[in-house]
Each structure stands twice: as structure tokens, then as C-alpha cells.
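Architecture and fold: a report
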Amino acid sequence: MSADGTAPPKVLSDALRLLANSLHELVPPEAQLHLLNAQRELLLAIAVIIEHNSGRTPRRPRSRKAATTPASRRPKRVELD
């Protein structure tokens, strides 16, 4: 809770609602649809990034030897028939 008793998500939600209402007056409907799709893609990308990174373990600092041999970290080539 902030000092005035409102929760930050509610303040953000109200600000976004005001912005959306003003955009309806200024932005053509075709552009609104485009922006809505872009917003959806951005939110999905953020969700995927968070999901991907939530399962990762913290990286250990590389040793001096590992930093000099980056080829050893590459996957080996597999021959296909």
C-alpha cells in the first residue's frame, strides 16, 4: 500500500484505463487493433521469458580455463543417415 492508501496495481490499472480511453479518441480503429495485438505479443513474450528463467539455476562464474576454451561448450555434430 502506498501513503494514500491505494495499492500500486490499482493505480497502474487506473492509469492504463485513462490512457486507453484517450487513445480511443486519438488513434484510428485499425491502429488500435494493431496496438492491441502488439501488446498481447509483448505480454506473451514476457511470460515466456519469466517461465524460461524461473527454472534456471544461478550461473557459476567461469573458471579461467573454461573462458579460454569456448569450443568445448559447443554441442558435438551428429551425423544423420
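Residues numbered from 1 in each chain as written. Predicted model: local features only at pLDDT ≥ 70, side-chain atom pairs only at ≥ 80, totals over all residues. Heavy atoms only, no water.

Concerning a nonpolar patch on the surface
A surface patch of nonpolar side chains, about 370 Å² in accessible area, is lined by L12, L16, L19 and L23. Tracing the chain through its elements places L23 in helix α1 (residues 8-26). Overall, the relative accessible area of 32% leaves L23 in the partly exposed class. (Patch = residues over 30% accessible without salt bridge, like charges linked within 9 Å, V, L, I, M, F, W, Y side chains within 5 Å. Areas by Shrake-Rupley, 256 points an atom, 1.4 Å probe, with all protein chains shown as cover. Salt bridge = Lys/Arg side-chain N within 4 Å of Asp/Glu carboxyl O. Helix = DSSP H or I, 4+ residues; strand = E, 2+ residues; numbered from the N terminus. Buried < 20%, exposed > 50% of the residue type's maximum accessible area, 1.4 Å probe, protein only.)

Focus: the confidence of the model for the protein chain
This prediction gives the protein chain a mean pLDDT of 78; 75% of its residues lie at or above 70. When the elements of the protein chain are averaged for pLDDT, helix α3 (residues 64-68) gives the smallest value, 56, and helix α2 (residues 29-54) the largest, 90. (pLDDT = per-residue confidence, 0-100.)

Description of the layout of surface pockets
Estimated volume of the largest pocket: approximately 320 Å³. Every residue lining the largest pocket is listed: L16, L19, A20, L23, H24, Q32, L35, L36 and Q39. Contributions of two or more residues to the lining of the largest pocket are made by α1 and α2. In terms of residues, the lining of the largest pocket owes the most to one element, α1, which gives five residues. (1 Å grid on protein atoms, 1.4 Å probe; cavity = no way out; pocket = protein on both sides within 12 Å on 5 of 7 lines; lining within 4 Å. Points joined across faces, edges and corners; volume = space filled by probe spheres on them.)

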